[in-house]
Each structure stands twice: as C-alpha cells, then as structure tokens.
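Read off the chains here:
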Amino acid sequence: MTDIPKVYSPETIEPSWAERWAAQELYRATGDPARRRFSLAIPPPNVTGSLHIGHMLEHTEIDILMRWHRMRGEDVLWLPGMDHASIATQMIVEREIGREALPALEGPDAMRRWQMEGQRLRLEMGREKFLERCWQWKEESGGTIRKQLVRLGASVDWSRERFTMDADYSRSVVEVFVRLYEEGLIYRGDYVVNWCPRCQTAVSDLEVVHEERAGHLWFIRYPFEDGSGSITVATTRPETLLGDTAVAVNPKDARYQKAAGRRVILPLMNRAIPVVADEMVDPEFGTGAVKVTPAHDPNDFEIAQRRHLPALRILDEEARMTAEAGPYRGLDRYAAREAVLRDLKAANLLEKTEDYVLSIGACQRCKSIVEPLLSKQWFMKMRPLAGPAIRAVEQGQISITPDHYRKIYLDWMNNIHDWCISRQLWWGHSIPAWTCNGCGELIVAREAPAECRRCRKNAFRQDPDVLDTWFSSGLWPFATLGWPEPTPDLIRFYPNDLMIMGFDILFFWGARMIMLGLKLTKNAPFRKLHIHALVRDAERQKMSKTKGNVIDPLEVTEKYGTDAVRFALAISAAPGTDIAFSTEKIESYRAFANKIWNAARFILMNLEKLPARIRDDLAQALEPKERSFSPAPNSEQLALADRWVFSRLAAVSGEIEAALAEYRFHEAAYLAYHFFWHEFCDWYLEWVKPEITRADSAESLSPAWLNLARAFQASLHLLHPFMPFITEELWHRLPREAADASISLAPFALAAEEALDREAEADFGVLRDLVVTARNAEADAGLQKQKPHARVASEETELIGLFETHRETVLRLAGLGGLEIERGKLPADVSGTVAGARFDFLLVDVRAVDHHAERARLEKEKDKLGEALARAEQQLSNEGFLRRAPREVVEGAERRRAELTDQLRKVAEALERLN
RNA sequence: AGGCCCGUAGCUCAGUCUGGUUAGAGCGCUACCUUGACACGGUAGAGGUCAACGGUUCGAGUCCGUUCGGGCCUACCA
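Keep in mind that what you see is a predicted model, and the values were worked out from it rather than measured.

## A word on the overall build of chain A
Tallying secondary structure elements over chain A gives 28 helices and 29 strands in all. Over its C-alpha atoms chain A spans a radius of gyration of 37 Å, topping by over 25% the 29 Å that the globule rule assigns to 915 residues. Considering only C-alpha atoms, chain A reaches an extent of 115 × 65 × 60 Å along its principal axes. Evaluated residue by residue, chain A yields a buried proportion of 54% over its 915 residues. When contacts within chain A are restricted to residue pairs at least 6 apart in sequence, those whose partners lie at least 24 apart make up 78%. Carbon and sulfur atoms form 49% of the exposed surface of chain A, whose accessible area is close to 40,700 Å².

## What to know about the protein's contact with RNA strand B
Every one of the 59 residues lining RNA strand B counts as a neighbour, but Phe285, Asn299, Arg540, Thr577 and Arg884 are closest to it. Here, RNA strand B places atoms within 4 Å of the protein, and 65% of those atoms are sugar or phosphate. Here a base nitrogen of RNA strand B and a backbone polar atom of Phe285 are 3.2 Å apart. Within the backbone of Ala599, a nitrogen or oxygen atom sits 3.2 Å from a base nitrogen of RNA strand B. Looking at the surface near RNA strand B residue by residue, the class counts come to 25 nonpolar, 17 polar and 17 charged.

## A few points about the pattern of salt bridges
Pairing between side chains of opposite charge can happen when the charged atoms of each approach one another. All told, the structure shown has 60 salt bridges when counted by the stated rule. Salt-bridge contacts for Glu161 lead to Arg146; the nearest nitrogen and oxygen are separated by 2.9 Å. One end of the pair, Glu161, is in the loop between helix H5 (127-151) and strand S4 (162-163); the other, Arg146, is in helix H5, and 15 residues separate them in sequence. Among the ionic pairs, Arg171 bridges to Asp168, the shortest N-O distance being 2.4 Å. Taken together, the residues Arg171 and Asp168, both in helix H6 (residues 167-182) and three residues apart, mark about one turn of the helix. A network of salt bridges, in which partner residues are shared, links Arg237, Glu239, Arg333, Arg337 and Glu371.

## Here we look at the sheet that holds strand S7 (residues 208-223)
The strand order across the open sheet formed by three strands is S8-S7-S13, and the pairing between neighbours is antiparallel. Unpaired on one side and paired on the other, strand S8 (230-235) and strand S13 (350-363) mark the two borders of the sheet. Recorded for the sheet is a direction-independent mean angle of 20 degrees between the axes of neighbouring strands.

## Quick notes on empty space enclosed by the protein
A complete count under the given rule lists five cavities of 30 Å³ or more for this structure. Space inside the largest cavity adds up to approximately 60 Å³. Met56, His59, Thr60, Asp63, Leu149, Leu152, Gly153, Ala154 and Arg566 together form the lining of the largest cavity. For the lining of the largest cavity, the element with the highest residue contribution is helix H2 (residues 53-71), accounting for four residues. Grouping the constituent residues of the lining of the largest cavity by class yields four nonpolar, three polar and two charged. What the second largest cavity holds in volume is close to 50 Å³. The wall of the second largest cavity is formed by Ile87, Gln90, Met91, Glu94, Gln119, Arg122, Arg198, Cys199 and Leu425. Taken together, the elements giving at least two residues each to the lining of the second largest cavity come down to helix H3 (86-101) and helix H4 (110-125). If you tally residues by element for the lining of the second largest cavity, the top one is H3, at four residues.

## Section: the domain arrangement of chain A
The domain boundaries assigned to chain A delineate domain 1 (212-362) and domain 2 (788-914). Computed from C-alpha coordinates alone, the two centres of domain 1 and domain 2 are separated by 84 Å.

## Structural notes on the pairing of strand S14 (residues 371-380)
The element S14 is extensively covered by neighbouring structure, given that eight of its 10 residues are classed as buried. Two elements, strand S5 (residues 186-196) and S14, share 10 bridges in a ladder whose sense is antiparallel. Counted as the bridge partner of Trp195 is Glu371 from S14. In terms of strand pairing, S14 meets strand S16 (residues 419-420) through two bridges, oriented antiparallel. Bridge pairing links Phe379 to Cys420 in S16.

## A look at the pairing of strand S23 (residues 526-532)
Most of S23 is tucked away, with five of its seven residues classed as buried. The sheet contact formed by strand S15 (residues 399-401) and S23 spans three bridges and is parallel. Of the residues in S23, the one forming a bridge with Thr401 is His530. The pairing of strand S22 (residues 496-502) with S23 spans six bridges and is parallel. Within S23, the residue paired with Leu498 across the bridge is Lys528. The parallel pair S22 and S23 is bridged by helix H14 (residues 506-521), and the resulting crossover is right-handed.

## A few points about the nonpolar core
One finds Phe581, Phe680, Phe722 and Phe841 to be the most contacted residues of the largest nonpolar core, which totals 223 residues. Counting residues per element, this core draws most heavily on helix H20 (residues 665-693), which supplies 17 residues. When sequence neighbours within four positions are dropped, the list of residues in contact with Phe581 reads Ile53, Val535, Arg536, Asp537, Ala538, Met543, Ile551, Val565, Ala568, Leu569 and Ile586. Formed by 37 residues, the second largest nonpolar core is a distinct cluster that contains Val275, Leu315, Ala339 and Phe379.

## Quick word on the packing of H2 against helix H16 (residues 562-572)
The contact between H2 and H16 brings their axes to 9 Å, and the two run at 90 degrees. Our classification of the angle between H2 and H16 gives roughly perpendicular. On H16, the residues touching Ile53, Met56, Leu57, Thr60, Asp63, Ile64 and Arg67 of H2 are Thr562, Val565, Arg566, Leu569 and Ala570. A per-class count over the contact of H2 with H16 returns seven nonpolar, two polar and three charged.

## Some remarks on the side chain of Thr48
Mapped onto the fold, Thr48 is located in the loop between strand S1 (37-41) and H2. Classification of Thr48 by relative accessible area gives buried; the value is 15%.

## Some thoughts on the packing of H16 against H20
Here H16 crosses H20 at 120 degrees, and the two axes come no closer than 6 Å. The angle between the axes of H16 and H20 places the two elements in the oblique class. Contacts between H16 and H20 involve Phe567, Ala570, Ile571 and Ser572 from the first element and Phe665, His666, Ala669, Tyr670 and Tyr673 from the second. A class-by-class count of the residues in the contact of H16 with H20 yields seven nonpolar, two polar and no charged.

## Thoughts on the environment of Val844
Within the secondary structure layout, Val844 lies in the loop between strand S29 (840-843) and helix H26 (851-876). In this structure, the C-alpha to C-alpha distance between Val844 and Ile92, residues 752 residues apart in sequence, is 78 Å. The residues touching Val844, leaving out its near neighbours within four places in the chain, are His789, Ala790 and Arg791.

## Describing the side chain of Arg122
Its location among the elements puts Arg122 in helix H4. Under the relative-accessibility criterion, Arg122 is labelled buried at 5%. With near-sequence residues (within four places) excluded, Arg122 lies in contact with Gln90, Glu94, Phe130 and Trp426.

## As for helix H9 (residues 383-394)
Across its 12 residues, H9 extends 16 Å between first and last C-alpha, which sits within 8% of the 16 Å expected from 1.5 Å per residue. For H9, the set of buried residues is Leu385, Ala386, Ala389, Ile390, Ala392 and Val393. Here the buried residues of H9 occupy an arc of 160 degrees about the axis, which is enough to place them on one side. As for H9, its buried residues are in contact with S14, S15, helix H10 (403-414) and H14. Of the residues flanking the end of H9, it is Gly396, one or two places downstream, whose phi is positive at about 90 degrees.

Basis of the calculations
Residues numbered from 1 in each chain as written. Chains lettered and ligands numbered in written order. Predicted model: local features only at pLDDT ≥ 70, side-chain atom pairs only at ≥ 80, totals over all residues. Heavy atoms only, no water. Helix = DSSP H or I, 4+ residues; strand = E, 2+ residues; numbered from the N terminus. Rg over C-alpha atoms; globule rule 2.2 N^0.38 Å. Buried < 20%, exposed > 50% of the residue type's maximum accessible area, 1.4 Å probe, protein only. Contact = heavy atoms within 4.5 Å. Areas by Shrake-Rupley, 256 points an atom, 1.4 Å probe, with all protein chains shown as cover. Near = heavy atom within 4 Å. Polar contact = N/O pair within 3.5 Å; in protein donor to acceptor, adjacent residues only side chain to side chain. Nonpolar A, V, L, I, M, F, W, Y, C, P; charged D, E, K, R; others polar. Salt bridge = Lys/Arg side-chain N within 4 Å of Asp/Glu carboxyl O. Pairing = 2+ DSSP bridges. Axes fitted to C-alpha atoms, helices over the stretch in contact; angles between N-to-C directions. 1 Å grid on protein atoms, 1.4 Å probe; cavity = no way out; pocket = protein on both sides within 12 Å on 5 of 7 lines; lining within 4 Å. Points joined across faces, edges and corners; volume = space filled by probe spheres on them. Domains from an automatic or database assignment. Right-handed = clockwise from strand over helix to strand, strands pointing away. Core = buried A, V, L, I, M, F, W, Y, C linked by side-chain atoms within 4.5 Å. Parallel < 35°, antiparallel > 145°, perpendicular 65-115°, else oblique. Expected span 1.5 Å × (residues − 1). Arc of directions from axis to C-beta.

In structure tokens, the structure reads:
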C-alpha cells in the first residue's frame with residue numbers, strides 16, 4: 001500500500017530499470033517495414049576511457065530524440081559501439097606494461113618513465129603478444145563503457161553493438177583501402193609529415209595542435225662561394241641548417257637578382273649549395289632569403305621538388321641528429337640548436353637575434369613538439385572526395401545544424417589537404433599492402449598474396465604500419481550495418497537519419513564520414529548532422545582533469561539521479577551555445593524530479609482509497625487504445641479545469657515536438673518543465689484537489705478521476721524522453737492492465753488535437769487572474785492568514801456567471817473567506833480597490849493597511865503605467881506609424897492605450913484616496 | 001594573417017534569423033506561510049539605460065557600421 005516516501009530517491013529505482021530495459025531488449029530495432037524507420041549510429045566512444053560529461057550530454061540529446069521517435073511509433077535504431085583508438089590505447093597499454101615492470105616508481109616523472117619502459121618492452125615482447133594485451137585492455141575498458149551506457153539508460157540496440165576492430169568491420173576497412181588504392185585515391189610516397197618523436201609515429205595535420213610560443217628569429221650569414229660577401233637568411237630553427245640544400249629568394253626581389261644561380265657555402269658544414277629563385281618566398285619576411293631544408297619543412301620540400309634539390313635527413317625518428325649532421329650527430333634537436341648557435345657565433349656568421357613569437361605544433365596525444373620529417377607514408381587524396389561532400393551539403397542532401405557550422409565545414413572542405421593515413425603503431429588495422437622479397441613489387445590486396453605477380457616468388461613482407469583510427473571510424477554508419485554486403489540492416493537503416501557529435505570532431509570524423517560515405521555507398525551517410533555544445537564548468541572554463549573542475553557523470557548520477565542530470569543538461573542545451581554546468585543546476589532539476597514524484601504520490605495515495613473495482617476501470621481507461629485522450633464530461637466546476645488541462649497538454653505536446661524537430665532541447669525541456677510544475681501542479685492539481693481527496697465510496701469511476709489520471713499519464717509521456725526513469729516508475733505505479741509494457745513504447749502525445757480549447761483557456765485564464773489579484777491584495781495588506789472577504793465586479797455578464805460557477809474554487813485557491821460577485825463597477829472611492837482589465841476587485845473590512853507602503857507601491861505602479869502609456873500615445877500620434885505599421889499592430893497599440901489609460905486612472909484614484 | 005562566436009537581472013542563460021504589448025526563465029536574494037503531495041515546498045516581491053557610439057526605420061535588445069571587452073577556430077610567415 002501507500003508506502004511512497006516523501007522524498008524521491010532515484011537510486012532506489014534507476015539501476016533496476018536500466019537493467020530491465022537492457023535485458024528485455026526493449027530497444028531492439030524491429031525492421032518492421034510497415035513503420036517509418038529512424039536510425040542513428042552512436043559516435044563511438046574510445047575504448048580507452050570512461051564516459052565524461054560531454055558524452056553524457058551527447059547521449060542525453062540522442063536519447064531524447066530516440067525515445068521521442070520511438071514513442072511516435074517509429075522503428076528506431078540507435079546502434080551502439082566503440083572505436084579502438086589506435087594511438088591512445090597503445091599508449092595506455094604501454095604505460096601499463098611499464099608500470100608492471102617498474103612498480104616501485106612514483107612521483108611526477110613516473111608516468112613518463114613507465115611509458116618509455118613500456119615502449120621498450122613492447123618491442124621486446126613483439127607484435128603478437130602486445131596485441132593480446134591490447135585486446136585484454138579493450139575487454140575491460142569496453143565493459144566499463146557498456147555498463148555506463150546501460151546505467152544512464154541509453155536506449156540503444158545492444159544486439160547490434162559494433163567495435164571497429166570486429167572481424168566483419170575490419171573486412172570493410174580492408175575493402176575500402178583496396179578499392180581506393182585501385183582507384184588511385186590512396187597512394188604511398190615520401191613526403192614531409194608531422195612526426196611525433198614520443199609516439200614514434202606520423203600523425204595527420206588535424207592531430208597537431210598549434211600554440212603560440214615566444215621564440216627567436218636568428219639571422220645567419222651564408223658566404224658566397226667566390227668569397228664576395230654573403231647572403232643572410234632568417235630562421236627560427238638554426239639547427240636545421242645542417243640539412244640545408246639551398247637558399248631561396250623570390251625571383252621578383254630586386255635585392256637578390258644577382259644572387260640567384262650563384263652558390264653559397266653552408267656554414268658549419270662547408271658545403272656549397274645553390275641560391276634558387278622560387279615564388280613561394282615572401283620578400284617581406286625576414287631578409288627575403290630563406291634557407292631550404294627539404295627533409296624537415298613541408299614548404300622547403302615543395303621548393304626542392306620544383307628545383308630538383310636533394311633532401312638530407314639530419315633528424316631521426318627520435319629527433320636526434322643523424323650522421324648527415326656530421327659533428328652534431330647524436331645530439332637531441334635542442335642540444336643541437338645550442339651547439340649550432342655557439343659555433344655560428346664563434347665563426348662570426350650569426351648576424352643578429354630577434355625575439356619572435358612563433359606558432360608551434362604539438363602532438364594532440366602526448367603534447368610533444370612534433371617534428372616535420374620526410375618519410376614514406378600512405379595518403380588519401382582528398383580533393384576528389386571533397387567535391388561531392390561539398391555539393392551534398394550545399395545542395396541540402398545533408399543538413400548541418402546549427403547553421404554556422406555549415407560554413408565552417410564548407411570552409412575546411414574547400415581548403416582540404418591530403419590525409420596521411422598510415423601510423424607507425426601496432427594496435428589497429430594493418431595496411432593490406434605487401435612487398436615482394438624477390439623483386440620489391442608492391443601488392444595491395446584483400447588477402448595476403450600467394451605469389452608475386454611480377455617475379456612469381458612467394459615470399460612477402462606486409463607493411464608494418466596500421467591505419468589511422470579515423471580511417472575506420474569514417475566508415476562507421478555503413479560498416480556497422482554490414483557494408484559492403486547488402487545486408488537487410490544496410491538496406492533498412494542506411495543512410496542514417498541523423499548524426500549528433502561535438503564540434504571538436506567535425507573535421508576528424510564528420511567530414512570524413514561524409515566523404516567516404518558518398519564515395520563508397522553513393523549516398524550521404526546521414527541526412528542530418530547536428531553539432532552539440534561543449535559542457536563547461538560554472539565559470540565557463542573548459543573542464544579538465546588538471547584543473548580539477550570535471551563533473552563526473554556517474555558520480556553526479558549516483559548523487560542526484562540520472563533524470564536530474566539529463567534534465568539539467570537538456571534544459572541548458574541551447575543550440576550553438578556552450579553549457580555552463582554546475583551541481584547547483586543539477587540540484588534544481590532534482591527538485592523537479594521530486595516535484596513529479598510528489599504529484600504522483602498525491603494522486604496515488606488518493607487512488608488507493610478508491611475501491612478496487614474502480615481502479616480496474618481506471619486501468620482500462622488508461623490504455624491509450626485510440627492513441628488520444630480528451631476530457632470526459634464532468635461537473636460544471638471541474639469541466640473547465642479538465643478542458644483547460646487537456647487543451648494545454650495538446651498545445652504543449654505540439655510545441656515540444658516542434659522544438660525537438662529543430663534540436664532546441666532547452667526549449668523542449670523548458671516547455672515540459674513549465675507545463676508540469678506551473679500548470680499541471682500549481683493550477684490543475686490544486687483545482688481538482690477537493691474532488692479527489694473526498695473519501696466517499698463512489699460506485700463507478702468518476703469523470704474527475706478519469707480526467708486527472710489521464711492528464712497525469714499524458715504528462716508523464718511528455719516528460720519521458722527527458723526523464724526516462726522516474727516516468728517509467730510512476731507510469732507503472734498507475735493502475736495498468738499489462739504489467740510488462742513500458743512507457744518508452746507508448747505514444748508520446750496522448751492529448752488529442754481536438755482537445756485544443758481556446759474558450760476554456762480564456763475562461764480559465766480570467767479565473768486565474770482573479771485568484772492572483774486576490775492573493776496580491778492580501779499580500780499587500782499583510783492578510784495572507786486571515787481569509788478576508790472580498791468583492792469582485794465586472795460589466796461582462798459571462799464573467800459574472802463564470803465567477804458564480806467557480807466561487808468555491810476561487811475562495812479556496814485565493815484564501816478568501818467570502819466573495820460578493822457584482823454586476824458593474826466597484827465604487828472608486830473605497831480604499832484598496834484593484835482594477836483589472838475585465839473586473840474590479842476589493843478586499844472588504846481591511847483594517848491594518850500600511851498606508852506608507854501602499855502609497856509607495858501605487859506610485860511605482862503609476863510611473864510604470866505612465867511610461868508605458870506615454871510610449872503607446874507617442875506611437876499613436878506618429879503619422880508614419882499609423883500609415884505604415886500593419887493594422888493589427890496599430891490595433892494592439894490602441895487597445896493597450898485604452899487599457900493603460902483605464903488602469904492608470906484607477907491607480908491615480910487609489911492614490912488620491914490615500915492622501 | 002584570415003574567419004567565427006559572445007557581451008541582456010547578483011550568477012548562468014533564453015529571446016536577435018522573421019524589428020512591433022509593460023524584455024523572460026532557473027539559481028540566488030527579501031517578506032510571509034510547518035494549508036493533510038512536495039520546505040528538493042507554497043504565496044508574493046525586489047532586481048535590467050539589453051557593452052558603447054553612430055546609422056537604417058513610423059518603430060531597434062532584434063537589422064547595418066564602428067569601437068571596446070571576452071572566447072574560439074583555421075593557416076605551409078621561414
């Protein structure tokens with residue numbers, strides 16, 4: 001029986017619902033062709049980490065939409081999964097291995113030492129063993145993420161879970177590589193790439209984060225070979241001079257007309273190198289002459305290609321000087337810089353040094369300064385892929401929201417560069433390329449070749465590198481559905497209807513998915529791409545572990561309940577604006593959950609008092625068979641409230657749906673919040689309270705009960721996408737016929753559109769105004785406790801009738817002892833008369849009125865009204881306004897003027913009486 | 001170097017695209033209320049020259065321009 005606690009404790013109900021939803025496979029997509037489908041693939045979290053608050057926002061937004069679409073009767077697929085996070089996972093596993101080997105280490109340096117030791121041990125243990133460790137890690141960490149998703153109530157289809165390194169998925173990856181290679185869109189070559197000397201791998205442009213740092217610009221003299229003077233170059237990296245193979249000047253630069261074609265002696269190395277002319281050189285910068293180091297600078301590399309200059313690699317994979325650096329061999333890049341500068345100074349070749357702020361690139365993963373390095377890598381040609389991806393967005397096959405991300409996407413696409421896709425790592429998809437041991441032939445194939453097509457030998461070595469993780473993630477929307485096989489799922493659910501992601505991976509992932517999807521499936525991978533906000537802390541700082549301002553979703557979930565956290569996120573999620581998040585915010589929506597709980601508690605407690613037979617009838621009446629509710633005819637007093645609440649339900653449902661359709665989560669959540677708290681609870685529930693708390697034993701289900709139960713149930717449905725747990729729980733506590741059903745599979749909007757009732761809303765509104773006017777008057781008079789008597793008068797016959805009908809309700813809600821209802825106006829000379837637009841109101845027998853406070857209040861009111869009136873009059877006396885403004889605006893102003901004049905007059909009269 | 005976003009109540013933000021009532025919300029604050037769902041509550045209230053200046057317009061928080069302040073992104077300036 002009614003053992004409903006006064007305070008809602010989410011922890012007592014959430015975990016069990018979460019498990020039941022998953023265990024019952026409630027969210028398994030049916031594939032039922034009779035229903036409209038709605039599909040979305042989860043942005044796969046990394047197996048490396050557990051979920052953070054940003055994930056929770058993402059999953060909240062997605063889940064709201066998925067639940068909403070499902071409740072609209074659609075066949076919804078939300079496909080879950082994870083990606084293998086090549087570089088990040090490898091780092092973590094290395095560190096683990098290092099930690100095991102050196103358990104005694106501690107202190108700030110421990111991590112780094114473990115990492116180095118792990119890297120060494122990895123090479124020692126070999127590829128196979130290391131990968132075993134990675135898989136082991138993946139099982140553990142992946143399990144954690146899965147548990148978190150379940151706990152957060154994400155309505156995903158677990159039967160279709162995917163991992164980017166599943167066998168089927170890996171086959172898709174190989175297929176894509178081979179196809180693109182055969183088409184010439186993937187190629188291998190020697191280019192200057194971003195090399196991370198710590199991770200020991202190439203990384204793509206996007207994986208390099210730029211940062212401004214204070215540095216220097218060194219001016220170095222390169223003497224002409226013939227001894228006639230010198231040419232001065234400016235550089236931020238003097239140590240790379242050891243690998244210079246030319247000096248370049250702009251051909252149009254008058255200063256260097258005679259220099260081009262001559263030779264200079266490379267300082268310290270005493271090598272003669274040419275001065276070449278190349279357009280790329282900016283005459284404005286530095287001295288207008290630039291040293292050319294083809295193996296360590298992408299620009300220089302291009303110059304070298306054009307001018308047929310050799311490339312000398314003076315730095316190795318660990319950023320130490322190679323044998324090419326002669327006497328500097330073995331030095332670290334920064335030690336080498338010191339040595340070079342010292343020697344230049346000694347040789348009097350360093351002309352000057354200037355302070356200079358330069359932008360420096362660091363590895364996104366480990367923050368080491370990346371080194372531009374010439375090496376053999378695999379690349380994907382992006383221009384041919386970008387064209388269709390630009391058109392798809394420009395022509396609307398894919399819509400990107402909020403709108404300004406569309407422009408950012410197009411801008412990036414239009415300036416795209418080739419993508420370095422090979423990584424010198426072990427954890428990931430091996431590149432399906434083999435080199436013949438006999439003749440060196442390169443063979444790219446779906447499977448290991450049996451014999452060389454050129455020399456017929458049968459010994460090969462496979463390319464040791466793996467693919468960038470984003471290469472495989474780029475296939476996510478279709479590879480998860482079985483592509484390239486035409487599986488039923490692929491046919492049914494591809495292209496996806498929607499993709500939601502954070503801005504930080506728009507280029508990494510979103511753009512590449514679009515390009516690859518269009519290329520490989522001839523289809524956009526999704527029709528809509530929505531970019532969600534970033535969750536920041538209350539001071540709008542980015543959350544980070546080092547700052548210690550992170551909000552851990554599981555922690556706050558346990559403390560405040562998933563529903564509260566979800567709701568706090570949703571109601572803060574205005575498109576295009578970052579979210580300032582705080583536990584205070586969560587607390588206020590925990591209060592909302594508590595409010596819902598207590599409304600239910602009230603209803604359920606009274607429901608218990610009804611005879612069992614009536615409850616059975618109610619259970620039947622709550623089955624939404626016709627998928628729409630409207631108010632059952634009721635007593636005159638209650639009918640208005642019923643009509644009103646169903647009208648509001650119908651209107652609010654529509655507004656929420658409109659907001660959700662445009663990803664205005666904040667608005668949708670607010671609408672549900674405001675309706676439930678400030679309409680359903682504050683007015684409807686209060687209105688019908690006496691009727692349902694009455695203890696008499698009814699023979700049959702009363703319309704009051706039927707309407708209340710239905711309105712409450714319909715409210716739960718509206719709230720369910722935002723607060724799945726509490727709504728599911730309460731929905732089940734209502735009398736039900738089928739115990740195994742779930743609110744998540746029931747219709748979203750239960751109130752029928754026919755329930756929209758403007759007349760009921762208007763009438764209810766006037767009564768509400770009367771109650772509020774009375775409360776105001778009582779508060780002003782300091783009489784909240786006394787239950788004073790009052791008079792109300794109106795010149796409208798209908799209002800008189802309305803007031804008469806609802807006199808009892810008004811008395812109760814306003815806390816009045818009695819109410820005279822009169823036709824006409826109230827005498828203006830009686831102190832305390834409040835004039836509304838449609839009625840006058842007066843407290844009678846008011847003794848202790850604070851005249852001073854009353855006067856102050858009235859003065860203020862008068863000023864406010866006066867200002868508003870002046871504005872209206874000014875507008876109406878303006879001929880331009882009368883001539884040009886639309887009629888309804890002018891009429892509105894006229895009406896306002898009339899109302900304000902009336903109100904102002906009454907306030908002035910009241911003031912006069914006081915004096 | 002280019003581009004984007006933001007500046008509205010003490011705090012966090014809606015509202016600006018599509019100009020037109022007396023500019024809203026949540027939290028916080030003040031007063032009153034232990035009324036039989038809820039003090040994670042109820043009732044009422046205080047609090048804003050919408051960053052500044054100029055322009056367009058009958059009318060600007062909303063459109064345009066400039067300035068100031070804050071944040072972000074892209075880029076091969078050696």
